[in-house]
Amino acid sequence: MPVAGSFTAYASRFVDPSLGFAMGWIYWFSWATTFALELVGSGLVIQYWDSNLSVGIFIAVFWVVFTACNFLPVRWFGEFESYFVSIKVVTIVGFIIFAICIDAGAGQHGYLGFDAWVHPGPFVEYIVPGNIGKFVGFWSVLVTAGFSYQGTELVGVGAGETANPAKSVPSAIRWTFWGVFTLFVATIFFIGITVPSDNPNLLTGASDASASPLVVAAKLAGVPVLPHIINAVLLTAVLSAANSNLYSSSRILVALAGEGHAPHFFGRTNRFAIGLLAFLNLSSGGGEVFTWLLNITSIAGFISWCCISICHLVFMRAIRAQGISRDSLVFKAPMQPYLTVYGLFFCVLILLTNGFTVFIRWSTSDFFTAYVSVILFIVLYVGHKALFRTKALIFLVTSLLEIIRLHSFDIPERI
């Protein structure tokens, strides 16, 4: 059902208006915070070339640029993204080829093979020693890893503004999945065999992009100019993400207004003050602010994924109860409902345990960083439920059929 706001509207219409309210605002909060995070990231990347430049300069410049871009018709957003994505894809493919050559012996260290997986190994002890410490290290970075994959759901957000969603959205879903599966996983794999996990450049605590694994891999290979090229591409990736963040957050706000969960004037105008959070990075604890924004955004994204999974499970239960075959839908996700249940389980598990390290080594600041998004979501849901006395919705056969037929799904008339 291609509507503005996508799954936030699904939650309100098909599950519970309170869930739609809480999910919509936490998703908007996620992207609003991510926009600030990416603005900070753009400044940090540029500081790789000149550390004397203030991050605030680039926060202000890019905030103005991308806010102006998102006032333009949506086709301009697509134009900008197509160029940004092309640069990223070409660079990732180039890096994969480069990493294969370096691993095979073309770099200054000769043949590498899988030596980094043995010396020092892929897992590093964290907080506690031994194998338990390695597991603690692995589990503690899952939230950061999850942040890198957030945004794949934007295919659904953009469906409401697509000319022919029945044709273009299924294709976009497939391209997104295979693009993430091949390019992301391949990049991580080759970073893992070209950059040892104990490399000191990864642990410098630098405030610029010099600690990026891609830059470190280029430096280890002994190619002087390559780190600068990679850093330039990282800048385009960060700017592309900032552009997408502002696009998605504005569309979610429009959807919230359409569902009655936000003031109606948000449905007619753009909300563009969200990136100002980035200026918090100019304080003395700027590095800590960056970490806060990253963790808060990541957890809010996991909450959104949980809600998307719930909406999908409810939808499948409804069409099954009403005798509608999934084969009649324009797009049918494979291995359902098992993959959705799998995703929901691990998203909930990560949400509940993401701050477990604070109980090993207590930090009040880290505790609230880890769980403030969860607390905010609960407050939004319970507050809306108490105020409006909403009830969980039950699908009606006629309304569901009308929705599916309205959007050109092939449903037999006999149902």
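Before any of the text, the structure's been laid out above.
Residues numbered from 1 in each chain as written. Predicted model: local features only at pLDDT ≥ 70, side-chain atom pairs only at ≥ 80, totals over all residues. Heavy atoms only, no water.

Draft legend 1. View of the overall build of the chain. Scanning the chain from terminus to terminus reveals 15 helices and zero strands. Within the span of the chain, comprising 415 residues, buried residues form 46% of the whole. The long-range fraction of contacts in the chain, counting pairs at least 24 apart against all pairs at least 6 apart in sequence, stands at 73%. Carbon and sulfur atoms provide 70% of the accessible area of the chain, an area that totals close to 20900 Å². (Helix = DSSP H or I, 4+ residues; strand = E, 2+ residues; numbered from the N terminus. Buried < 20%, exposed > 50% of the residue type's maximum accessible area, 1.4 Å probe, protein only. Contact = heavy atoms within 4.5 Å. Areas by Shrake-Rupley, 256 points an atom, 1.4 Å probe, with all protein chains shown as cover.)

Draft legend 2. Geometry of the packing of helix α3 (residues 55-69) against helix α10 (residues 226-258). Viewed as axis vectors pointing N to C, α3 and α10 meet at an angle of 50 degrees, and their least axial separation amounts to 10 Å. Classified by the angle their axes make, α3 and α10 are oblique. Read as a crossing pair, α3 and α10 show a hand that is right-handed. Here F62, F66, T67 and C69 of α3 come into contact with α10, specifically with L239, A242, N243 and L246. When grouped by side-chain class, the residues that make up the contact of α3 with α10 number six nonpolar, two polar and no charged. (Axes fitted to C-alpha atoms, helices over the stretch in contact; angles between N-to-C directions. Parallel < 35°, antiparallel > 145°, perpendicular 65-115°, else oblique. Left-handed = near helix turned anticlockwise from the far one by under 90°. Nonpolar A, V, L, I, M, F, W, Y, C, P; charged D, E, K, R; others polar.)

Draft legend 3. Region of interest: the packing of aromatic side chains. The tally for this structure, following the rule as stated, stands at 22 aromatic pairs. Ring centres 6.4 Å apart and planes at 45 degrees place the aromatic pair F135 and F138 in the tilted group. A residue pair is termed a helical-turn pair when its members lie 3 or 4 positions apart in one helix, as F135 and F138 do in helix α5 (residues 130-140) at three residues. F135 gets classed as partly exposed once you look at its relative accessible area, which sits at 48%. Residue classification places F138 among the partly exposed residues on the basis of a relative accessible area of 37%. Seen from their ring centres, W362 and F367 are 5.5 Å apart, and the 35 degrees between their planes marks the pair as tilted. Accessibility expressed as a relative area gives 52% for W362, which makes it exposed. These aromatic residues form a ring-pair network of at least three members: F359, W362, F367, F368 and Y371. (Phe/Tyr/Trp six-rings, centres within 6.5 Å; stacked < 30°, edge-to-face > 60°.)

Draft legend 4. The arrangement of the pattern of salt bridges in detail. Considering all chains together, one arrives at two salt bridges under this definition. Salt-bridge contacts for D16 lead to K385; the nearest nitrogen and oxygen are separated by 2.5 Å. Taken as a pair, D16 in the loop between α1 (7-15) and α2 (17-46) and K385 in helix α14 (residues 364-388) lie far apart in primary sequence, 369 residues in all. Overall, the relative accessible area of 4% leaves D16 in the buried class. (Salt bridge = Lys/Arg side-chain N within 4 Å of Asp/Glu carboxyl O.)

Draft legend 5. Fine view of α10. With 33 residues, α10 should reach 48 Å at 1.5 Å per residue; the first-to-last C-alpha distance of 48 Å fits that figure. Looking one or two residues past α10, G260 carries a phi angle of roughly 80 degrees, positive in sign. (Expected span 1.5 Å × (residues − 1).)

Draft legend 6. Spotlight on the environment of I308. Its location among the elements puts I308 in helix α11 (residues 286-321). A residue is classified by how much of its surface remains accessible, and I308, at 23% relative accessible area, is partly exposed. For the pair I308 and M23, spaced 285 residues apart in sequence, the C-alpha to C-alpha distance is 9.0 Å. Sequence-distant contacts of I308, defined by excluding residues within four places in its chain, comprise F7, M23 and E153.

Draft legend 7. How the structure looks around α1. A large share of α1 lies buried, amounting to eight of its nine residues. Listed as buried for α1 are F7, T8, A9, Y10, A11, S12, F14 and V15.

Draft legend 8. Quick peek at the nonpolar core. Membership of the largest hydrophobic core comes to 43 residues, with the highest contact counts inside it found for W25, I303, L351 and F377. Tallying contributions element by element places α2 first for this core, with ten residues. Filtering out sequence-adjacent residues up to four positions away, I303 remains in contact with I26, L351, S373, V374 and F377. Among the nonpolar cores identified, the runner-up in size contains 19 residues, and F98, V195, A217 and A218 belong to it. (Core = buried A, V, L, I, M, F, W, Y, C linked by side-chain atoms within 4.5 Å.)

Draft legend 9. Representation of unusual backbone geometry within the structure. For the bond from H119 to P120, the omega torsion is 10 degrees, close enough to zero to count as cis. Inspection of the secondary structure puts P120 in the loop between α4 (74-106) and α5. For the bond running from Q336 to P337, omega is 10 degrees, close enough to zero to count as cis. One non-glycine residue, I127, lies in the positive phi region at around 70 degrees. Along the polypeptide, I127 turns up in the loop between α4 and α5.

Draft legend 10. View of the environment of T67. As for its position among the elements, T67 is in helix α3. Judged by relative accessible area, which is 8%, T67 ranks as buried. It is 9.2 Å that separates the C-alpha atoms of T67 and Y247, two residues lying 180 residues apart in sequence.

Draft legend 11. A look at the packing of α2 against α14. One can describe the packing of α2 onto α14 by two numbers: an axis separation of 8 Å at closest approach and a directional angle of 145 degrees. Between α2 and α14 lies a crossing of right-handed hand. Only S373, L376, F377, L380, Y381, H384 and K385 of α14 make contact with α2, whose side of the interface consists of P17, S18, L19, F21, A22, M23, W25, I26 and F29. For the contact of α2 with α14, the class distribution of residues is twelve nonpolar, three polar and one charged.

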